[in-house]
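Each chain, written out:
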4 protein chains.
Amino acid sequence: MTQIHIGSTLVYDVRQRTIFLLKIAAGSTPHQQVNDESLTTDPIVNIEPCQVDLEGNRLHRLVVEPCRLKIQYQATANLAPDLERPRNVDESQAAQMPPEVLTYMNPSRYCESDVLARFAYEEFGQLPSGFTRVQTICDWVYEHLEYTPGSTTATTTAADVLLQRTGVCRDYAHLAISLCRGIGVPSRYVSGYAVNLQPPDYHGFMEAFLDGQWYLFDPTRLASTLGLVRIGVGRDAADVAFCTLTGSAMLEEKCVWANLGDDQTNLANNPAVSTA
Amino acid sequence: MTQIHIGSTLVYDVRQRTIFLLKIAAGSTPHQQVNDESLTTDPIVNIEPCQVDLEGNRLHRLVVEPCRLKIQYQATANLAPDLERPRNVDESQAAQMPPEVLTYMNPSRYCESDVLARFAYEEFGQLPSGFTRVQTICDWVYEHLEYTPGSTTATTTAADVLLQRTGVCRDYAHLAISLCRGIGVPSRYVSGYAVNLQPPDYHGFMEAFLDGQWYLFDPTRLASTLGLVRIGVGRDAADVAFCTLTGSAMLEEKCVWANLGDDQTNLANNPAVSTA
Amino acid sequence: MTQIHIGSTLVYDVRQRTIFLLKIAAGSTPHQQVNDESLTTDPIVNIEPCQVDLEGNRLHRLVVEPCRLKIQYQATANLAPDLERPRNVDESQAAQMPPEVLTYMNPSRYCESDVLARFAYEEFGQLPSGFTRVQTICDWVYEHLEYTPGSTTATTTAADVLLQRTGVCRDYAHLAISLCRGIGVPSRYVSGYAVNLQPPDYHGFMEAFLDGQWYLFDPTRLASTLGLVRIGVGRDAADVAFCTLTGSAMLEEKCVWANLGDDQTNLANNPAVSTA
Amino acid sequence: MTQIHIGSTLVYDVRQRTIFLLKIAAGSTPHQQVNDESLTTDPIVNIEPCQVDLEGNRLHRLVVEPCRLKIQYQATANLAPDLERPRNVDESQAAQMPPEVLTYMNPSRYCESDVLARFAYEEFGQLPSGFTRVQTICDWVYEHLEYTPGSTTATTTAADVLLQRTGVCRDYAHLAISLCRGIGVPSRYVSGYAVNLQPPDYHGFMEAFLDGQWYLFDPTRLASTLGLVRIGVGRDAADVAFCTLTGSAMLEEKCVWANLGDDQTNLANNPAVSTA
């Protein structure tokens, strides 16, 4: 059991009536319990909590009149990941996958797995199937990209990244997801909080569906898989943007943190964890 | 109440063990009842019916050994659309949309609504909101594209179509969806059967969420909205491909039909219908 | 005759042996004389002047060892444009165009006129041919784009700009060029110095070939066509980058200016000029 | 000296007055002499021969009224390539390249060498420079692409091909050109006739500038470099389309051939040749 204190503060200059869709609250899953949670705003506005889908994604909706809006979220997450001996974990067969998993085989906005399928098959198609093959894909992504803030934009896709070879965490995740789907492994995007992330920010990582479960990977190697607190999952970053605005507001401050509980020491470095 | 007989026959040359995911069966919705349905194969193989998601999408999974496989589907659909006086239908406000609808505001594989948002806003942002604005978008798509079989491929997106100005039904739908999302109207792809479609095939059309309901549109004007039998809905065509294969099989024949019941006469031409 | 004093200062931190290809010197054409020209560096390095092609483009090549390199260029340009009554200027027929002009009908890196041809034809194909049609294209570009520094990158193309509707001078020029080529009018990119440009920088504009001559246009409307001093022409910005580096050097300062000669007053606003 | 008989027959259904720009005639270079040349049409129309540029590219312009037009070209080419011991050929330094060669370092319509530069540098940047490095690039292209007629279109670029891994001769050439430019080797597209090409057609190959000369490569390995008769060179296929039409005409027949002279036997397989 790992205890992690998480939180974020967002300050917006709201210039006209604006609807905020926030995806910053940690999700509840069999492997992740959320306690001592608070979400407050200054000035006080009504916060509507929404359950988006079957994956446990949460959403908070705010309708805000012009003001300087401060949003503060904090919680304690208790993680109980299943630790596995990953080399024994095989891929699931398409004939046995649960139907709700099949959607994560489809291409999506930032993960054109259809376009990258031949590349994926050529590079990784002949490797033994299973956890180690997904790990090989994540290693390949780590080794072939250069982590370069500012090198990509909100419209950059996995195909762009594969060519230009630079990006940030969301780009790493998009490319790894696309390559997994390209060889027939369902894969999805995870947004969350990460212990010790430098510089501190929301983080993007990915999950692959293997042997009946979702397994967590961070192709950037910027955080331990044991220190990742999930906010939500989706096909790609389009589904889990931390804030979607309708109206007019400018982000002025963003502060994100994730710290191990007091009685915790260091995290093992990236064991295989099944978390969903 | 409209009664429509639908069906399709697919013949595949299956060259190695192949998993088929079929999305060819009509969905059951409050506005669409399915009767006298059969799905058979020759040779006989096990057919696993799956319920994919909360939208009522169905999926049939088959695991097939090498053979010449004939798949036959037929059913009778009874449609009971709500007919509306559309000019009174307003758009929903983002502050009131049900959470499960919000996902249809996001960009997707073939509908890069983020990229097209400025274009959409410039062309349609100043029009009065509501049903007529969505109809104006569909009219614009109809008038600016040329229906040209073979002019697009499986990777063609709405942005491509907006530039090249040619496409087929899925391209028309993708562009209309992207433009709707671009101005803040949730919109989604619908696959289905269409009465009197020439040449006969599965059809692709779209729905926009207005005033608390989904409304159906066919930007190609190739079919009446009263004669559309839905198979499934999704963000775009990536979600509702009629057949997804894992293995090796070649489509050799495809025959699709949709006919009005015996006691039916002609369909009114494209009234506004709410169907979901 | 218009006299314009131009110049630019560039400072680079050269970190390893680097080859500089500079395109910052004004070109000599029948309509543009260059006097009192100097190009100097500190520290002094050998400057190799090159004549690139038949268009009069010039290039200066420097091989520089690690240092802090200051490059200073200045000159006086005397412009003698042919002023025309543009409404009488017709387009050239493809049957009569000089062969060397035909290359400016081809698509190029940033001007995918092949992709945009249907759009161009649909929007502008039915207008009366001639100078006014090209002016209509430039007006359309001006009216539909928003001048937004930072909204585009070195890889942004005319198709990107047509969708996203933002850009800077090079993007405006690329889009106008592509639309002209799309309707069969040869068009090319011009880099240069512009009087009164705010903020001061090198400028990008375009020329269209009409009735046997090249005519100058600035779709950004940021400068008068009478105050544009040409550096070079090319198919698009790929051909006339002000500096191409092989090695490693960082641009630390860039200062560009273009001022009317002492005895000059104001420039008429954008008359039609033929300059090549 | 290799003697090759070449020719092509094109039949068009010309539906309205159409201007043809033909690039089907063999070029004259120091290494390629053209004899016994004829270009005829039925019905007879005026043929205007044009010299396009300094590279020796030729162009024939025809203005044709509605008819069924048959174009017949034939000639005998005498090739005198310089055979080299390629392993000794080094790359040219940017500091010494002739100015007119520098343009072939720029990205172009189908060769986005700017986008592919990091990929090129990562894959090939550390190899010893020279002829063998260019050969390695061509080998890589040959090994990683699958020659698949119909898999690409007129708008497919090198970046597309790098991802999708299929294409035809022009796609192979575009990718090899882009990768060469990406590591700083000037490279250009060559169109021509190829002995023993199957199926017979015009062919597309490429040249790289090494040690002061252009060297010929065929990344498809479909033809011997000794049996390639050049029509023209350009930045990419956009510059050397065999026919560009303004008007309306449909290609009904195309027949292309290239045969060794009577006294010739077999061609050595792909020696290094310098031809320009």
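Residue positions within a chain follow its written sequence, with the count starting from 1. Whichever chain is written first becomes A and whichever ligand is written first becomes 1, with later ones labelled in order. Restriction of local features to residues with pLDDT of at least 70 applies here, the model being predicted, together with a cutoff of 80 or more for giving and counting side-chain atom pairs; totals for whole chains, interfaces and linings are based on all residues.

As named in an unreviewed UniProt entry, chain A is Transglutaminase-like superfamily protein, taken from Rubripirellula obstinata.

S.K.: Help me get a handle on the overall build of chain A, residues and values and all.
M.R.: Secondary structure assignment for chain A yields five helices and 14 strands. Taking the principal axes of the C-alpha coordinates as reference, chain A spans close to 55 × 40 × 35 Å. Whether a residue is buried, exposed or partly exposed follows from its count of other C-beta atoms within 10 Å of its own C-beta, namely 20 or more, 12 or fewer, or something in between, respectively; the C-beta atoms are built from the backbone. Burial statistics for chain A: of 276 residues in total, 50% are counted as buried. Considering only residue pairs separated by 6 or more positions, chain A has 77% of its internal contacts joining residues 24 or more positions apart. Going along the chain from the N terminus, every DSSP run of H or I of four or more residues is numbered as a helix, and every run of E of two or more is numbered as a strand. Here, residues touch in the contact sense if the C-beta positions derived from the backbone fall within 7 Å of one another.

S.K.: Residues and numbers for the relation of the copies chain A and chain D, please.
M.R.: For this overlay, a least-squares fit was computed on C-alpha atoms, restricted to residues scoring pLDDT of at least 70 in both copies. Superposition of chain A onto chain D requires a rotation of 180° combined with a translation of 0.1 Å along the rotation axis, giving an RMSD of 0.0 Å. One copy is carried onto the other by what is essentially a two-fold rotation axis. Across chain A, the smallest distance between a C-alpha and the rotation axis is recorded for L163 of chain A, namely 4.1 Å. Interface overlap between copies: 91% of the residues of chain A at the interface are likewise at the interface in chain D, consistent with a symmetric, same-surface contact.

S.K.: Explain the domain arrangement of chain A to me, using residue names and the numbers behind them.
M.R.: All names here are of chain A. Domain assignment breaks chain A into domain 1 (2-80 + 242-260) and domain 2 (85-239 + 270-274). Bear in mind that the domain bounds are from an automatic or database domain assignment. Here the C-alpha centroids of domain 1 and domain 2 sit 24 Å apart. The interface of domain 1 with domain 2 comprises 22 residues on the first partner and 16 residues on the second. Broken down by secondary-structure element, the contributors of at least two residues to the side of domain 1 that touches domain 2 are β1 (2-22), β5 (67-79) and β13 (243-260).

S.K.: Explain the interface of chain A and chain B to me, using residue names and the numbers behind them.
M.R.: Counting residues at the interface gives 28 residues for chain A, matched by 28 residues for chain B. Those elements that provide at least two residues to the side of chain A that touches chain B are β1, β3 (47-51), β4 (58-64), α1 (99-102) and α2 (113-124) of chain A. Sorting elements by how many residues they give to the side of chain A that touches chain B places α1 of chain A first, with three residues. Residues were grouped as follows: Ala, Val, Leu, Ile, Met, Phe, Trp, Tyr, Cys and Pro as nonpolar; Asp, Glu, Lys and Arg as charged; and all remaining residues, including Gly, as polar. Of the residues that constitute the side of chain A that touches chain B, the class distribution is 15 nonpolar, seven polar and six charged.

S.K.: Outline the interface of chain A and chain D, supporting the account with residue identities and numerical values.
M.R.: In many analyses, interface size is given as the accessible surface area lost on bringing the parts together. With 11 residues of chain A in contact, the opposing surface of chain D contributes 10 residues. Of all elements in the fold, only α2 and α4 (158-164) of chain A reach the threshold of two or more residues within the side of chain A that touches chain D. Here the side of chain A that touches chain D gets five residues from one element, more than from any other, and that element is α2 of chain A. Among the residues making up the side of chain A that touches chain D, the classes are represented as six nonpolar, two polar and three charged.

S.K.: Before we move on, could you go through α2 of chain A and cite the residues and values that matter?
M.R.: With 12 residues, α2 of chain A should reach 16 Å at 1.5 Å per residue; the first-to-last C-alpha distance of 14 Å falls well below that figure. Residues of α2 of chain A that are buried include every one of S113, V115, L116, A117, F119 and A120 of chain A, and no others. Those residues of α2 of chain A that are buried are in contact with α4 and α5 (169-182) of chain A together with α4 (158-164) of chain D. Multiply 1.5 Å by the residue count of a helix minus one, and that product is the helix's expected span.

S.K.: Run through the nonpolar core, naming residues and quoting values.
M.R.: Grouped burial of nonpolar side chains is what soluble globular proteins tend to show. Only buried Ala, Val, Leu, Ile, Met, Phe, Trp, Tyr and Cys residues enter a nonpolar core, and they are joined through C-beta atoms within 7 Å. Of all hydrophobic cores here, the largest spans 161 residues; its most connected members are A176 of chain A together with A176 of chain B. Not counting residues within four places of it along the chain, the set of residues in contact with A176 of chain B comprises I137, C138, V141, M206, F217 and P219 of chain B. Counting 159 residues, the second largest nonpolar core, distinct from the first, contains Y12 and Y110 of chain C together with L116 and A176 of chain D.

S.K.: Any details on the packing of helix α3 (residues 131-144) of chain D against helix α5 (residues 169-182) of chain D? Residues and values, ideally.
M.R.: All names here are of chain D. To get an axis, fit a line to the C-alpha atoms, keeping to the stretch in contact for a helix; angles then go from 0 to 180 degrees between the N-to-C directions. Where α3 meets α5, the axes come as close as 9 Å, and the angle between the chain directions of the two elements is 140°. When the interaxial angle is binned, α3 and α5 end up oblique. The interaxial crossing formed by α3 with α5 has right-handed handedness. Here V134, I137, C138 and V141 of α3 lie close against α5, whose contacting residues are Y172, L175, A176, L179 and C180. Split by residue class, the contact of α3 with α5 holds nine nonpolar, no polar and no charged. Angle categories: roughly parallel below 35 degrees, roughly antiparallel above 145, roughly perpendicular from 65 to 115, and oblique for all the rest. Here is the rule for handedness: rotate from the far helix to the near one, and if that takes an anticlockwise turn smaller than a right angle the crossing is left-handed, while a clockwise turn gives right-handed.

S.K.: Describe the UniProt feature "domain: Transglutaminase-like" (unreviewed entry) in chain A, and please don't skip the residues or the numbers.
M.R.: UniProt positions are given in the numbering used here, feature names are shortened, and annotations may be inferred rather than shown by experiment. Within this numbering scheme, the UniProt entry marks residues 161-221 of chain A as carrying the feature "domain: Transglutaminase-like" (unreviewed entry). The distance from the first to the last C-alpha atom of residues 161-221 of chain A is 17 Å, and the span holds 30% helix and 38% strand.

S.K.: An account of the relation of the copies chain A and chain B is needed here, citing residue identities and associated values.
M.R.: Once chain A has been moved 0.0 Å along the axis and rotated by 180°, it coincides with chain B to within an RMSD of 0.0 Å. Both copies contact each other with a shared surface, as 100% of the interface residues of chain A are interface residues in chain B too.

S.K.: Break down unusual backbone geometry for me, with residues and values.
M.R.: All names here are of chain B. In this chain, Q198 is followed by P199 through a cis amide linkage whose omega measures -10°. Inspection of the secondary structure assignment puts P199 in the loop between β9 (187-194) and β10 (203-210). Residues other than glycine seldom take positive phi values, yet D211 does so here, at roughly 50°. By the secondary structure assignment, D211 is in the loop between β10 and β11 (213-217).

S.K.: For the arrangement of the chains, give the residues involved together with the corresponding values.
M.R.: Chain A shows no contact with chain C. Their nearest C-alpha atoms sit 10 Å apart. Across all C-alpha pairs, the smallest distance from chain B to chain D is 10 Å, and the two are not in contact.

S.K.: Tell me what's going on with helix α3 (residues 131-144) of chain C, and back it up with residues and numbers.
M.R.: Residue and element names in this part refer to chain C. Taking 1.5 Å as the rise per residue, α3 with 14 residues should run 20 Å; its terminal C-alpha atoms sit 20 Å apart, in good agreement. Residues F131, R133, V134, I137, C138 and V141 constitute the buried set of α3. In this fold, the buried residues of α3 make contact with α2 (113-124), α5 (169-182), β10 (203-210) and β11 (213-217).

S.K.: Explain the pairing of strand β11 (residues 213-217) of chain A to me, and be specific about the residues and the numbers.
M.R.: Residue and element names in this part refer to chain A. Across the five residues that make up β11, a large majority, four, are buried. Strands pair, by our definition, only if DSSP identifies at least two bridges between them. Alignment of strand β10 (residues 203-210) against β11, held across five bridges, turns out to be antiparallel. Counterpart to A208 in the pairing with β11 is Y215. Joining the antiparallel neighbours β10 and β11 is a turn of two residues, in which D211 adopts a positive phi near 50°.

S.K.: How would you summarise the environment of T220 of chain A if you had to cite specific residues and measurements?
M.R.: With respect to the helices, strands and loops of the structure, T220 of chain A is situated in the loop between β11 and β12 (228-234). Linking T220 of chain A and Y172 of chain A, residues 48 residues apart in sequence, is a C-alpha distance of 6.4 Å.

S.K.: Go over the environment of I6 of chain B with me, naming the residues and quoting the values.
M.R.: Mapped onto the secondary structure, I6 of chain B falls in strand β1 (residues 2-22). Apart from residues no more than four positions distant in its own chain, I6 of chain B is found in contact with A26, Q74, A75, A77, Y193, V229, W257 and A258 of chain B.

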